[in-house]
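Chain by chain, the residues run as shown.
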Amino acid sequence: MSASSESSARPAYITTPIYYVNDRPHIGSAYTTTLCDVWARAMRLDGRDVFFLTGTDEHGQKVEKSAKDRGMTPQALADENSAEFRKLLGPFNLSNDDFIRTTEPRHESQVQAFVTRLLASGDIYLGEFNGWYDEGQEEYITELRAKELDYKSPISGKPLVRATEKNYYFRLSAYQSKLEAFFAANPGFVRPAGRFNEVLGRLRDGLQDVPVTRTNFTWGIPMPNAPEHVIYVWIDALFNYATALGLGDDKGALAKDRAKFWPPEYHVIGKEILWFHAVIWPAMLMALGLPMPKCVYAHSFWIRNGQKMSKSLGNFVDLPTIETFFTKYGVDAWRWYMTTQGPLGTQDADFSDKHFHEIYTAQLVNTFANCASRTSSMIEKYFGGAMPEAETASMPVSGAAGAPSWSAFTDATAKKTLAHYEAFELAEAADAALSIVRAVDLLINETAPFKLAKDPANLPQVARILAACAEGVRTAAVLLSPIMPAKCEEVLAAYGSGGVGTGGMVAAARWGGLKAGTRIAKCAPFMRTDPPAA
Ligand code: MSP
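Residues numbered from 1 in each chain as written. Predicted model: local features only at pLDDT ≥ 70, side-chain atom pairs only at ≥ 80, totals over all residues. Heavy atoms only, no water.

> Let's hear about unusual backbone geometry: which residues, and what values?
Cis rather than trans, the peptide bond between Arg191 and Pro192 has omega equal to -5°. Structurally, Pro192 can be placed in the loop between β7 (190-191) and α7 (193-203). Look at Asp150: it is not a glycine, yet its phi comes out positive at around 60°. According to the relative accessible area criterion, Asp150 is partly exposed, its value standing at 49%. Unusually for a residue other than glycine, Ala448 sits at a positive phi of about 45°. Mapping Ala448 onto the fold places it in the loop between α16 (426-447) and α17 (449-452). (Helix = DSSP H or I, 4+ residues; strand = E, 2+ residues; numbered from the N terminus. Buried < 20%, exposed > 50% of the residue type's maximum accessible area, 1.4 Å probe, protein only.)

Set out below in structure tokens:
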């Protein structure tokens, strides 16, 4: 937990979707939260004052119904399942600064305050709804879109139903041109770009006002002026991003500490909930006069052996399955796979045991661990486990013509890695950081210090090579630490450096951190394992 009100560092706010409590955690929710965690850790390492939010979405008809089916109160069901999501945080090494639940009084009172403001401004009004509704998604669908969808839910495939209700509405239609102007001025607002195009395409169909209350169930936040209405779960849920910072109660203690984090740098979500985040939420923020988030990042889906994961197919990568990966490969290998192989672009990514094993073996065992372990063993063998004394900053990274010096190379790589982290290009950040390990590997292979060491006259040369390797391993571990915090800490501890360092990511990774004489212990952060059964 690093967010503090005293810090003068630049605030950085990142959010996950809040997860429905009528589902159990699985690879999907763990994925989004892990991505946010990597970014949050990278920004903290860079000295930013980070606020990383996740939580659970606990109201709505589906929760009311599931609770009834199980003979319990909706609150009891919400408590039980919210705890499941919270339990995930420790084992996945997630460093969130808060966990918001929409049934908490702090959230409910602020949602009512926001809605009262929107009633007063005329952005919310009482009207009659007559149209299509997706029961599974608890989502109203316009006539045009219902037709496009062949009157079936795009998620469950079940028929849409007709719904007529006197409801409160949000005047979304009034924000069409304001949203268009905002989108035109902010081409990076929705990423990846392909997803933004989908939003812009749908926007051209024209916006209709959206209902913000329901009367056919009671498990929700009551409308402040008309308690027989409950606030529609999606409107309630979207507000979490603002209520967690206390923005609905600007004189409150929470806002005093946290208001500085607004606006979010990233709302990270899955592609299926983009419309709410890219259109409805920004329009609500415009109505409230709050600054816009910088970016809504909508990743694609993990699928399993080419198929969508679903309860009916029973092919979910659920928590018990994930735990088998933790046992075999460790949590950081899981985080590495999520970060480097996941569906951050517009394509879905297939999760397969075999691919996981291949990536683990090639990148973590044979590359990262191998360099850390060979370097530390040779330093042990030839220099008694102490960092050799040698000038390495000006040494070329390889024998290739025009190769940069180690210090120039790692400095440029650290800057590049940071820029990728900042831009939420997490796989690219991982690859840039790993390029230092690949350079260490190449240096060992090109120079063969284990052969040179056979002749004592070569020891100064061996010292220089191994000192460069050790410093390369250290810098890579610093840059990789947001993705693999525990393993990088292990490597950094073995390499005698007291943690990742301070002064920002680039400074922490600056060449020359390891001083001559520092004790370097043997370490092997990732071990070879058997391939999965075919
Ligand atoms: N409660 C709403 C979100 C409200 S946010 C104001 C909701 N919850 S959810 O429990 O269904 O979680 C949806 C999110 O889980 C997705 O947006 C995505 O982040 C994640 N995933 C669910 N299934 C997924 C995959 N198969 N693959 C990757 N992520 C997916 O919608």
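Alright, that's what it looks like, and here's the rest.
> Give me the lowdown on the pattern of salt bridges, citing residues and values where you can.
Any two side chains of opposite charge can pair, given that their charged atoms come close. With the rule as written, the count across this model stands at 30 salt bridges. Residues Arg304 and Asp353 are paired through a salt bridge, measuring 3.3 Å at the closest nitrogen-oxygen approach. Linking Arg304 in strand β14 (residues 302-304) with Asp353 in helix α14 (residues 353-383), this pair joins segments that are 49 residues apart in sequence. When its relative accessible area of 31% is taken as the criterion, Asp353 is described as partly exposed. Across the pair Arg438 and Asp431 runs a salt bridge whose closest N-O atoms are separated by 3.3 Å. (Salt bridge = Lys/Arg side-chain N within 4 Å of Asp/Glu carboxyl O.)

> Tell me what's going on with the packing of aromatic side chains, and back it up with residues and numbers.
For the coordinates displayed, the defined rule picks out 42 aromatic pairs. Judged by centre distance (4.9 Å) and plane angle (75°), the ring pair of Phe182 and Phe189 falls under edge-to-face. The buried category is assigned to Phe182, whose relative accessible area is 14%. With 4.8 Å between their ring centres and 55° between their planes, Phe325 and Phe356 make a pair best called tilted. Here Phe325, found in helix α12 (residues 319-329), pairs with Phe356, found in helix α14; they are 31 residues apart in sequence, far enough to count as distant. (Phe/Tyr/Trp six-rings, centres within 6.5 Å; stacked < 30°, edge-to-face > 60°.)

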